[in-house]
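# Descriptive analysis of the structure
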Amino acid sequence: MAVGVFDSGIGGLTVLDAITRRLPDLPLVYLGDNAHAPYGVRTHDDIFNLTCAAVERLWAEGCDLVILACNTASAAALKRMQETWIPADKRVLGVFVPMIEALTERQWGDNSPPREVAVKHVALFATPATVASRAFQRELAFRAIGVDVEAQPCGGVVDAIEQGDEILAEALVRSHVEALKRRMPHPQAAVLGCTHYPLMESTFQDALGAGVKVFSQANLVAESLADYLVRRPEFLGKGQESKFLTTGDPKAVSNKATQFLRRRIEFQAA
Ligand code: DGL
């Protein structure tokens, strides 16, 4: 009954941790494509091909349902995968929609026309590929009207985290927040639209100021997975064992993950 969790690197562990807290008995197989991270500066074709390869690897682990715990893959590849590639007995779900539902105060499956919502000025922090896809604005427009979104492509942050350089990651976060604030001085809410960014959430909050509500995806995705599995239990795959796989160097990835998550995590070669 295992579920697969995929990210380009260690960022998806923020989602995995939240799923583990919400569904402690569910075996999870994590795959980090660290050999090819970051995805955020790649072309959409490249992201599509890498994401399909990773998802196939997780299917081979007995995970019929895979969560793309990666906004870049969700924004740049998921729609094409769902339309052209995923067989009927498998499911791949992204991390975008649960967050947009939370921001627009909607329940799952509420397909009523777009309406006014409480937040009017939203800052989006994401990778260059996610920002370029405009997937966030597209999904938001289905659900809300009158929301002003200012997106900041946060070049370098995922790289710094993947290299284990917390000081550089912090400096980059502060400079990206400053750049955004020059264009939108008073955002009401900020969306951390990359699963690596919760690892720097306190820096984002500090740089934005206490009055800005920071939306981070992990708990929202965990809640929506729990809900999905109640509705579609047939997608619990036959895998039984939790494990952490990486296409990178297992020792180096284990050390970085342990540093950022502040608990010991052992990766094995994918
Ligand atoms: N964690 C991925 C995301 O949510 C990082 C993307 C990357 O590899 O650049 O977008």
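Values in this document were obtained by computation on a predicted structure and should not be read as measured data.

## What about the overall build of the protein chain?
- Looking only at helices and strands, the protein chain features twelve helices and twelve strands.
- Computed over C-alpha atoms, the radius of gyration of the protein chain comes to 18 Å, within 12% of the 18 Å expected from 2.2 N^0.38 for 270 residues, which places it in the range of a compact globule.
- By its C-alpha atoms, the protein chain is 50 × 45 × 35 Å across when sized along the principal axes.
- The 270 residues of the protein chain split such that 56% are buried.

## Overview of the side chain of R106
- Mapping R106 onto the fold places it in the loop between α5 (96-103) and β5 (115-116).
- A relative accessible area of 6% places R106 in the buried class.
- Separated by 2.9 Å, the side chain of R106 and the backbone oxygen of S112 make a polar contact.
- Ignoring sequence-local partners within four residues, the contact set of R106 consists of E101, N111, S112, P113, P114, R115 and R143.

## Let's talk about the layout of surface pockets
- Quantified by volume, the largest pocket comes out at close to 680 Å³.
- Lining the largest pocket are 30 residues, with L78, Q82, G94, V97 and R143 positioned closest to its centre.
- If you list the elements that add at least two residues to the lining of the largest pocket, you get α3 (71-76), α4 (78-84), β4 (91-93), α5, α7 (135-143) and α11 (218-231).
- If one sorts the elements of the lining of the largest pocket by residue count, α11 sits on top with six residues.
- Computed from the structure, the second largest pocket encloses a volume of approximately 190 Å³.
- Mapped by element, the contributors of at least two residues to the lining of the second largest pocket are α5 and α11.
- At four residues, α11 tops the list of elements feeding residues into the lining of the second largest pocket.

## Looking at the pattern of salt bridges
- Summed over the entire model, instances satisfying the criterion amount to 22 salt bridges.
- With a closest N to O distance of 2.8 Å, E150 and R183 form a salt bridge. Within this pair, whereas E150 is found in strand β8 (residues 148-153), its partner R183 is found in helix α9 (residues 166-183), the two being separated by 33 residues in sequence.
- Residue R262 pairs with E166 through a salt bridge whose shortest N-O separation is 3.6 Å. Remark: E166 occurs in helix α9 and R262 occurs in the loop between α12 (250-261) and β12 (268-269); sequence separation between them is 96 residues.
- Overall, the relative accessible area of 30% leaves E166 in the partly exposed class.
- What you see here is one network of salt bridges that share partners, running through R57, E61 and K243.

## Some details on the nonpolar core
- Of all hydrophobic cores here, the largest spans 54 residues; its most connected members are L13, I19, F125, Y197, F204 and L225.
- For this core, the element with the most residues is α11, which contributes seven residues.
- If you look at the next biggest cluster of nonpolar residues, it comprises 26 residues, including F48, V55, A76 and L78.

## Side note on the packing of α5 against α11
- The N-to-C vectors of α5 and α11 enclose an angle of 105°; their axes lie 9 Å apart at closest approach. Considering their axes alone, α5 and α11 lie roughly perpendicular with respect to each other. Residues P98, M99 and A102 of α5 pack against L220, V221 and S224 of α11.
- Residues belonging to the contact of α5 with α11 are distributed by class as follows: five nonpolar, one polar and no charged.

## Here we look at the site of the ligand
- Around the ligand, the surrounding shell holds 13 residues, and the nearest of these are S8, Y39, G40, T72 and H196.
- A distance of 2.6 Å separates an oxygen atom of the ligand from a polar atom in the backbone of Y39.
- Within the backbone of N71, one N or O atom sits 2.7 Å away from an oxygen atom of the ligand.
- Relative to its unbound accessible area of 300 Å², the ligand is 99% covered by the protein chains.
- Counting atoms within 2 Å of the grid points, the majority share of the ligand lands in the largest cavity.

The rules behind these values
- Residues numbered from 1 in each chain as written.
- Predicted model: local features only at pLDDT ≥ 70, side-chain atom pairs only at ≥ 80, totals over all residues.
- Heavy atoms only, no water.
- Helix = DSSP H or I, 4+ residues; strand = E, 2+ residues; numbered from the N terminus.
- Rg over C-alpha atoms; globule rule 2.2 N^0.38 Å.
- Buried < 20%, exposed > 50% of the residue type's maximum accessible area, 1.4 Å probe, protein only.
- Polar contact = N/O pair within 3.5 Å; in protein donor to acceptor, adjacent residues only side chain to side chain.
- Contact = heavy atoms within 4.5 Å.
- 1 Å grid on protein atoms, 1.4 Å probe; cavity = no way out; pocket = protein on both sides within 12 Å on 5 of 7 lines; lining within 4 Å.
- Points joined across faces, edges and corners; volume = space filled by probe spheres on them.
- Salt bridge = Lys/Arg side-chain N within 4 Å of Asp/Glu carboxyl O.
- Core = buried A, V, L, I, M, F, W, Y, C linked by side-chain atoms within 4.5 Å.
- Axes fitted to C-alpha atoms, helices over the stretch in contact; angles between N-to-C directions.
- Parallel < 35°, antiparallel > 145°, perpendicular 65-115°, else oblique.
- Nonpolar A, V, L, I, M, F, W, Y, C, P; charged D, E, K, R; others polar.
- Near = heavy atom within 4 Å.
- Areas by Shrake-Rupley, 256 points an atom, 1.4 Å probe, with all protein chains shown as cover.
- Sits in = over half its atoms within 2 Å of the grid points.

This is a description of form; function is not addressed.
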